[in-house]
Amino acid sequence: MLKDITLGQYHPGDSPIHRLDPRSKLLLTIAYITAVFLVQSAAGYLLPLAYLLLVTWLAGIPLRYLLKGIKPLTMILALTFVLNLFFAQGETVWLQWGFLRLTQEGFTTALFFSLRLVFLVMGTSVLTLTTSPVALTDAMERLLSPLRVIRFPAHELAMMMSIALRFIPTLLEETDKIMKAQMARGADFESGNLMRRAKAMVPLLVPLFVGAFQRASDLAMAMEARCYRGGEHRTRMKVLRFSRLDVLAALSMLALVLLIMGEGSLYG
């Protein structure tokens with residue numbers, strides 16, 4: 001289960017998607033998520049799905065790698081679907097049992113929320129799979145740099161987010177090692193109901209948090225020992241520049257948004 005989490009992992013490559021400016025990829029990801037929320041019909045989700053498949057193919061990322069990242073969200077998706085299915089307001093009643101009502105509008109809402117969550121996770125996964133943490137940090141800092149006028153800590157915020165993404169695979173690997181060590185000593189994490197499994201995971205938290213805080217302390221000491229001072233006078237090995245690929249990517253996203261808005265107007 002832990003190995004199925006793809007968010008925060010980087011898949012090296014030299015594809016057109018990898019060569020895009022990280023600022024473009026960050027803005028395009030935000031635009032893609034916004035476009036997903038603009039879809040007004042179930043058939044309309046074929047448009048962001050086709051766009052995502054095209055980007056995944058151009059990036060050279062196996063589709064199964066993205067689908068694997070959805071597996072840890074199975075419980076959240078099921079809970080989201082059920083809650084919206086029975087508790088969303090609607091007039092066209094399909095089935096009623098006590099205070100529970102199954103309506104056509106509730107089913108549509110549940111389907112839309114579940115699909116949006118899936119596309120949100122897959123879209124952000126493509127961003128992290130094709131963008132290194134260093135490039136993502138530079139992109140966020142450059143995009144937030146105009147806020148320095150109001151003394152907004154753009155560099156510090158970007159660095160914190162980059163470190164958080166960088167250590168997701170490390171924490172997952174450490175969690176897996178702790179689980180295997182405790183299973184070798186007789187711990188059971190797979191049998192029993194959901195509540196029992198949750199209680200079995202509690203002993204993992206103490207060594208995991210201790211290791212995380214120790215790693216954070218070591219990183220802070222290493223940065224301080226190397227006299228790291230980010231901010232205004234920091235130099236960069238790679239200078240960010242927009243290219244024709246970024247223009248083409250922006251035009252393709254604009255076309256996607258226009259198609260979704262046009263499709264939504266038909267149902268409006």
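Note that the structure is a prediction, hence the values are computed from the model and not measured.

Reading the values: the criteria
- Residues numbered from 1 in each chain as written.
- Predicted model: local features only at pLDDT ≥ 70, side-chain atom pairs only at ≥ 80, totals over all residues.
- Heavy atoms only, no water.
- Helix = DSSP H or I, 4+ residues; strand = E, 2+ residues; numbered from the N terminus.
- Expected span 1.5 Å × (residues − 1).
- Buried < 20%, exposed > 50% of the residue type's maximum accessible area, 1.4 Å probe, protein only.
- Arc of directions from axis to C-beta.
- Salt bridge = Lys/Arg side-chain N within 4 Å of Asp/Glu carboxyl O.
- Phe/Tyr/Trp six-rings, centres within 6.5 Å; stacked < 30°, edge-to-face > 60°.
- Core = buried A, V, L, I, M, F, W, Y, C linked by side-chain atoms within 4.5 Å.
- Contact = heavy atoms within 4.5 Å.

Student: Where do I start with helix 4 (residues 74-87) in this structure?
Tutor: Along an α-helix, a turn takes 3.6 residues, which lines up residues three or four apart on a common side. When the terminal C-alpha atoms of helix 4 are compared, their 20 Å separation across 14 residues agrees well with the 20 Å that a helix rising 1.5 Å per residue should span. When helix 4 is considered as a whole, its buried residues turn out to be Leu77, Thr80, Asn84 and Leu85. Buried residues of helix 4, seen end-on, are gathered within an arc of 120° and therefore sit on one face of the element. Away from its buried face by more than 90 degrees, helix 4 exposes Met75, Leu79 and Phe87.

Student: Is there a simple way to think about the pattern of salt bridges in this case?
Tutor: Think of it this way: side chains of opposite charge can pair up when their charged atoms draw near. According to the stated counting rule, one finds three salt bridges in the structure shown. A salt bridge links Arg23 to Asp21; the nearest nitrogen and oxygen atoms lie 3.0 Å apart. With respect to burial, Arg23 and Asp21 carry one shared label: buried. Among the ionic pairs, Arg215 bridges to Glu174, the shortest N-O distance being 2.9 Å. With Arg215 in helix 8 (residues 194-225) and Glu174 in helix 7 (residues 154-184), the pair connects residues that are 41 residues apart, well separated along the chain. When its relative accessible area of 26% is taken as the criterion, Arg215 is described as partly exposed. Overall, Glu174 belongs to the buried group, its relative accessible area being 15%.

Student: What is the right way to look at the packing of aromatic side chains in this model?
Tutor: Aromatic rings considered in pairs are described by the distance between their centres and by the relative angle of their planes. Throughout the structure, instances matching the rule amount to four aromatic pairs. When the ring of Tyr32 is compared with that of Tyr51, the centres are 6.0 Å apart and the planes differ by 25°; the resulting orientation is stacked. You can see Tyr32 sitting in helix 1 (residues 22-38) and its partner Tyr51 sitting in helix 2 (residues 46-59), a full 19 residues away along the chain. Of the residues examined, Tyr32 reaches a relative accessible area of 4% and is grouped as buried. Judged by relative accessible area, which is 15%, Tyr51 ranks as buried.

Student: Please explain the environment of Arg244 as it appears in this structure.
Tutor: You can see Arg244 is positioned in helix 9 (residues 244-267). On the accessibility criterion, Arg244 (75% relative accessible area) is exposed.

Student: In this structure, what is going on with the nonpolar core? I would like to understand it.
Tutor: In this structure, Tyr32 and Met253 are the most contacted members of the largest nonpolar core, which totals 30 residues. Elements supplying a minimum of two residues to this core: helix 1, helix 2, helix 3 (63-70), helix 5 (104-130) and helix 9. Per element, the largest residue contribution to this core is seven residues, and it comes from helix 5. In this structure, Met253 is in contact with Leu28, Ala31, Tyr32 and Tyr51, ignoring residues within four places of it in sequence. Ranked by size, the runner-up nonpolar core spans six residues in total, among them Leu127, Leu136, Ala158 and Leu165.

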